[in-house]
Amino acid sequence: MVQRLRADASPEKHLFISLITRDISIVAAFLDLIDNSINAAVRPAASRLQTAQDYLTVQQDTSMHPAVDISLKIGPNRVEIKDTAPGISAKTATEHVFKFGRAATEDPHVDDRLSVYGIGLKRAIFKIGNKIAISSDHIEGGFDLKLDVADWATKTQQPWTFDLTPRPPAKIDKCGTMITIEELYDDVSHRLSDGVFESQLREAISNTYAFYMTRFVNISLSGTQ
């Protein structure tokens, strides 16, 4: 009988983080953060956005006006994005939001309208800085996450997890999500302070989300819509 051995093929977190962030620009990382807010903002209208024709119909519906505000603030030491969307429930967070991608046979999640592989939010926060804080209020109960990326990357236990703290159910007018990132990486901090980044980001936001800004969201960057 042939003896079979098992070679250790478990992933290293540092390598994994490098692989998913190395080919994304800093501007694109910020768009990934905004994607998360827009997904939440559009969720109540999901039944109206099933086909290409649905999108054209919504675009022509002059009775629709943005109901969600997205505010993005950037600085050399801290990044903050805050929205007034319906938020992310604790259930969705534990079961879906923080998974790195999805199986080839798995259908795209209804909340990932702007994400193809299901890694946008995670690669964005890993790209920008080391200290991550996420607070989300939802009518079914939200969550808090505090993550030290460098510390998390040293932990080898399987499966990979993030520790979440439940938040109580919120009233509908108090829902929303806030993400803050601190201890920005040096290349990110320098890029944010180079004098041209904000204008480039503003142009990218305008071009990328023109459809959503006319019907679903108001987006402001550094206090200017």
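About the thresholds
- Residues numbered from 1 in each chain as written.
- Predicted model: local features only at pLDDT ≥ 70, side-chain atom pairs only at ≥ 80, totals over all residues.
- Heavy atoms only, no water.
- Helix = DSSP H or I, 4+ residues; strand = E, 2+ residues; numbered from the N terminus.
- Rg over C-alpha atoms; globule rule 2.2 N^0.38 Å.
- Contact = heavy atoms within 4.5 Å.
- Buried < 20%, exposed > 50% of the residue type's maximum accessible area, 1.4 Å probe, protein only.
- Arc of directions from axis to C-beta.
- Phe/Tyr/Trp six-rings, centres within 6.5 Å; stacked < 30°, edge-to-face > 60°.
- Lys NZ or Arg CZ within 6 Å of the ring centre and 35° of its normal.
- Pairing = 2+ DSSP bridges.
- Axes fitted to C-alpha atoms, helices over the stretch in contact; angles between N-to-C directions.
- Core = buried A, V, L, I, M, F, W, Y, C linked by side-chain atoms within 4.5 Å.
- Parallel < 35°, antiparallel > 145°, perpendicular 65-115°, else oblique.
- Nonpolar A, V, L, I, M, F, W, Y, C, P; charged D, E, K, R; others polar.

Comments concerning the overall build of the protein
Helix and strand counts for the protein stand at nine helices and seven strands. For 225 residues, the compact-globule formula gives about 17 Å, and the C-alpha radius of gyration of the protein, at 19 Å, lands near that figure. With respect to the principal axes defined by its C-alpha atoms, the protein has extents near 75 × 45 × 35 Å. Taking the contacts inside the protein whose residues are at least 6 apart along the sequence as the reference set, 73% of them involve residues at least 24 apart.

Comments concerning helix α4 (residues 90–97)
Among all positions in α4, only A93, H96 and V97 are buried. Across the axial projection of α4, the buried residues extend over an arc of 110°, all falling on one side. Away from its buried face, by an angle of more than 90 degrees, α4 presents the exposed residues K91 and T94. Packing partners of the buried residues in α4 comprise α5 (120–128), β4 (143–148) and β5 (164–166).

Here's the deal with the packing of aromatic side chains
Two aromatic rings, taken as a pair, are described by how far apart their centres are and by the angle between their planes. Counted according to the given criterion, the structure contains 11 aromatic pairs. Taking the centre distance of 5.2 Å and the plane angle of 70° together, the rings of F16 and W160 count as edge-to-face. Residue F16 is located in helix α1 (residues 13–21), and its partner W160 is located in the loop between α6 (149–154) and β5; the two are separated by 144 residues in the primary sequence. Note on W160: relative accessible area 21%, which makes it partly exposed. A ring pair is formed by W152 and F162, whose centres lie 5.1 Å apart and whose planes are at 50°; its orientation type is tilted. Within this pair, whereas W152 is found in helix α6, its partner F162 is found in the loop between α6 and β5, the two being separated by 10 residues in sequence. Take W152 and F162: they sit in the same class, and that class is buried. By the ring-pair criterion, three or more aromatic residues cluster together here, those being F16, F98, F126, F143, W152, W160 and F162. The cationic tip of K13 hangs over the ring face of W152; the distance from NZ or CZ to the ring centre is 4.1 Å.

Quick notes on the pairing of strand β3 (residues 129–137)
Of all nine residues that make up β3, seven are buried, and the element is covered over most of its length. Examined bridge by bridge, β3 and β4 share six bridges and lie antiparallel to one another. Across the sheet, K131 pairs through a bridge with D148, a residue of β4. Adjacent in sequence and paired antiparallel, β3 and β4 are bridged by five residues, among which G141 carries a positive phi angle near 105°.

Observations regarding α5
Counting buried positions along α5 gives eight out of nine residues, so the element sits mostly inside the fold. Within α5 the residues assigned to the buried category are G120, L121, K122, A124, I125, F126, K127 and I128.

Side note on the sheet that holds β4
Read across the open sheet, the seven strands follow the order β5-β4-β3-β6-β2-β1-β7; overall the sheet is mixed. Bordering the open sheet on either side are β5 and β7 (217–221), each of which pairs with just one other strand. Averaged over all pairs of adjacent strands, the angle between strand axes in this sheet comes to 10°, irrespective of strand direction. Summarising the sheet, strand β2 (residues 78–83) and strand β6 (residues 176–184) pair through six bridges and their orientation is antiparallel. Bridge assignment links K82 to a residue of β6, and that residue is M178. Where helix α2 (residues 26–42) meets the sheet, it contacts β1 (68–74), β2, β6 and β7, and its direction lies at approximately 165° from that of β1. Along the sheet, helix α8 (residues 197–208) makes contact with β1 and β7, crossing β1 at roughly 160°.

Description of the nonpolar core
Ranked by size, the top nonpolar core spans 59 residues in total, and within it F30, L33, L72, L201 and F216 carry the most contacts. The element best represented in this core is α2, accounting for 11 residues.

Things to note about the packing of α1 against α5
Interaxial distance between α1 and α5 falls to 9 Å at its minimum, and their mutual angle equals 100°. Overall, the two elements α1 and α5 adopt an arrangement that is roughly perpendicular. Only R123, F126 and K127 of α5 make contact with α1, whose side of the interface consists of I17, I20 and T21. Per-class residue counts for the contact of α1 with α5 are three nonpolar, one polar and two charged.

That is the geometry; function is a separate question.
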